[in-house]
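# Topology and contacts: notes
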Amino acid sequence: MNPSRPPLVAGNWKMHPASVELAVSLAVNVRDAVAGLAARSVVCPPTIWLSTVAAAIGGGSTEPGRLAIGAQTVHAEEAGPYTGETSPLMVAEVAQYVILGHSERRQNDNETDAAVATKVASAVVHRLVPIAAIGERADERRAGLTATVIERQLRAAISRLPRIAGSGLVVAYEPVWAIGTGDAASGEDAQAAAAQIRSILAESDPGGAAEVAILYGGSCTPDNAAEFFAEPDVDGALVGGASLDAASFAQIVQLAVEARG
Ligand code: 13P
């Protein structure tokens, strides 16, 4: 954690919880548990509940100590014949953040590097903070391709952004082999990836690179989060499973605040 950047902890609820009532109560409990903590906290519910959850918490806010709302994906276009999709104009009415390029969407929905690039640029135009998710699969890691994959996915994700500074860009390093497996990366691995990400961003925009929050994601829990937050280029976490429990999520936010010093 670098004291010049406020911590950011985002919860990716994926296709959970089981009902809108549970989603509302989870969001309200998270809002109350993170209130006043000096970090940016975000919950990313399923698209169908974005409005309800936003209303339940009194509207999301990007202010530290308040809870913001994020979508889990968005379409790049504002309108058109895109059955089943959600426009960034629609999402921006109720959310402040959007996760883009999550590995589950790359794997299951054929989201390509090129699509992620278009969506990241569109999100920024529509005043949504993009959380661009990148990370290598287990086979790529075994083949020694971690840095190659990070570089390819990151360069693509920012390729349509006119500039990094002021874009609000957030990058999440989520090694695919660590997601939902209980086999988190080490703090050292996360720092190596985060430092590589920051140095690639700095090639075109050193000032902008220093502003970007870089998150670690993959089996992050209250038991291991401090290890990631102790690293100088890791500014927070993108949390899956542990974000479905308000107390666990808030504990991770608290650890981020403590790590900033
Ligand atoms: P887990 O924390 O459940 O491993 O999920 C991580 C993730 O994919 C967040 O986007």
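To keep things clear, this report deals only with the structure shown in the data block. Quick caveat: nothing in here was measured; it's all calculated off a predicted structure.

## Quick word on the site of the ligand
Close to the ligand lie 13 residues; Lys 14, His 102, Gly 180, Ser 219 and Gly 241 are nearest. Between His 102 and the ligand, the recorded distance is 2.8 Å, taken from a side-chain N or O atom to an oxygen atom. In this structure, an oxygen atom belonging to the ligand sits 2.8 Å away from a main-chain N or O atom of Gly 241. Starting from 310 Å² of accessible surface for the ligand in isolation, the protein chains cover 94%.

## Looking at the sheet that holds strand S6 (residues 170-173)
On the basis of which strands lie adjacent, the closed barrel formed by eight strands has the order S1-S2-S3-S4-S5-S6-S7-S8 and parallel pairing. Taken over all neighbouring pairs, the strand axes of this sheet differ in orientation by 25° on average, direction set aside. Pairing of strand S7 (residues 213-217) with strand S8 (residues 236-239) involves three bridges; the strand directions are parallel. Bridging across to S8, Tyr 216 finds its partner in Ala 237.

Basis of the calculations
- Residues numbered from 1 in each chain as written.
- Predicted model: local features only at pLDDT ≥ 70, side-chain atom pairs only at ≥ 80, totals over all residues.
- Heavy atoms only, no water.
- Near = heavy atom within 4 Å.
- Polar contact = N/O pair within 3.5 Å; in protein donor to acceptor, adjacent residues only side chain to side chain.
- Areas by Shrake-Rupley, 256 points an atom, 1.4 Å probe, with all protein chains shown as cover.
- Pairing = 2+ DSSP bridges.
- Helix = DSSP H or I, 4+ residues; strand = E, 2+ residues; numbered from the N terminus.
- Axes fitted to C-alpha atoms, helices over the stretch in contact; angles between N-to-C directions.

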